[in-house]
Each structure stands twice: as structure tokens, then as C-alpha cells.
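Single-letter residue listing:
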Amino acid sequence: MRKINKNRVLFTFDEIKDEFIGELGTEKRTAYEQELQLVVLGKMIRKVRIERKLTQEQLGELIGVQRAQISKLENNLNNVTLETVLKVFNALKAKVNFNVELIKASKSKRPFFNERLL
């Protein structure tokens, strides 16, 4: 938290999330962060598909699913397998990187190990 002047206080986005959603490591905050990542992934699939000038139907044909499945991927990734996501990005000729962080058992906010895979 940083003071701007006598009448205003500036909060970071993380401070706001801590206050209204929960601190890092809490069940509610973890669910929020995971859902946000899925939304971003869906938006990314749509963006790359459009950049590649493909319709949802065309992308579906490339990976062997119906257009409705591609629509669901782009708008709601809750029930999707990692295999399907990888097939989509492969069909879009996009490189996929995963970042895995192992966090200490104590509720430390700082990871002790950070490894980039692929």
C-alpha cells in the first residue's frame, strides 16, 4: 500500500485480491487463480485461431471434434483435457510451454523451485 497524498491511498492488485478473494494458498484464492488461467487459455486459443484465419469448424476438423467443442474450449475450459488443449495448439502450429512451481509445505508465498518444462 502506497500513499499518494492525504486523501488517496493506492493498493496493488495483489493486495486487493488478498483482501476480497483470500491470501495466496487459501482454497478460495487457488480456485480463483486456476479459473482465471483457464479463461486466459480459452481467450488465447480464440486469438490464435483467428490469427491463423480458421473458423471454429475448421479447427474442429483438424483435431477431430465438432465446432461446438471448439466454442466450449474458447469460452469455458472447465471440462477439457490437457490432451485436447495440446491437440488444439498443435493444430494451430503454436508452441506450448508449461511452468511448474513447487511450493514449500509451509504457507510461504515464495516458491523454492521453479522449473520450465518443454
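If you're wondering where the values come from, they're calculated on a predicted model, not measured in any experiment.

A. Structural context of the overall build of the chain. On a plain count of helices and strands, the chain comes out with 5 helices and 4 strands. Ordered by position from N to C terminus, the α and β elements of the chain give β-β-α-α-α-α-α-β-β. Taking all 118 residues of the chain together, the buried fraction comes to 18%. Surface exposure of the chain reaches about 9,600 Å², of which carbon and sulfur atoms provide 53%.

B. Broad picture of a nonpolar patch on the surface. Taken together, the side chains of Val-9, Phe-11, Phe-13, Ile-16 and Phe-20 present a nonpolar region at the surface, about 530 Å² in accessible area. Per element, the largest residue contribution to the nonpolar patch is 3 residues, and it comes from helix α1 (residues 13–20). As for its position among the elements, Phe-20 is in helix α1. With a relative accessible area of 64%, Phe-20 lands in the exposed category.

C. Broad picture of helix α3 (residues 56–63). Of the positions making up α3, those classed as buried are Gln-56, Leu-59, Gly-60 and Ile-63. For α3, the angular spread of the buried residues around the axis is 100 degrees, confining them to a single face. Exposed side chains of α3 directed beyond 90 degrees from the buried face belong to Glu-61 and Leu-62. Check the buried side of α3 and you find it contacts α2 (27–51), α4 (67–75) and α5 (82–91). Following α3 by one or two positions, Gly-64 has its phi on the positive side, about 85 degrees.

What counts and how
- Residues numbered from 1 in each chain as written.
- Predicted model: local features only at pLDDT ≥ 70, side-chain atom pairs only at ≥ 80, totals over all residues.
- Heavy atoms only, no water.
- Helix = DSSP H or I, 4+ residues; strand = E, 2+ residues; numbered from the N terminus.
- Buried < 20%, exposed > 50% of the residue type's maximum accessible area, 1.4 Å probe, protein only.
- Areas by Shrake-Rupley, 256 points an atom, 1.4 Å probe, with all protein chains shown as cover.
- Patch = residues over 30% accessible without salt bridge, like charges linked within 9 Å, V, L, I, M, F, W, Y side chains within 5 Å.
- Salt bridge = Lys/Arg side-chain N within 4 Å of Asp/Glu carboxyl O.
- Arc of directions from axis to C-beta.
- Contact = heavy atoms within 4.5 Å.

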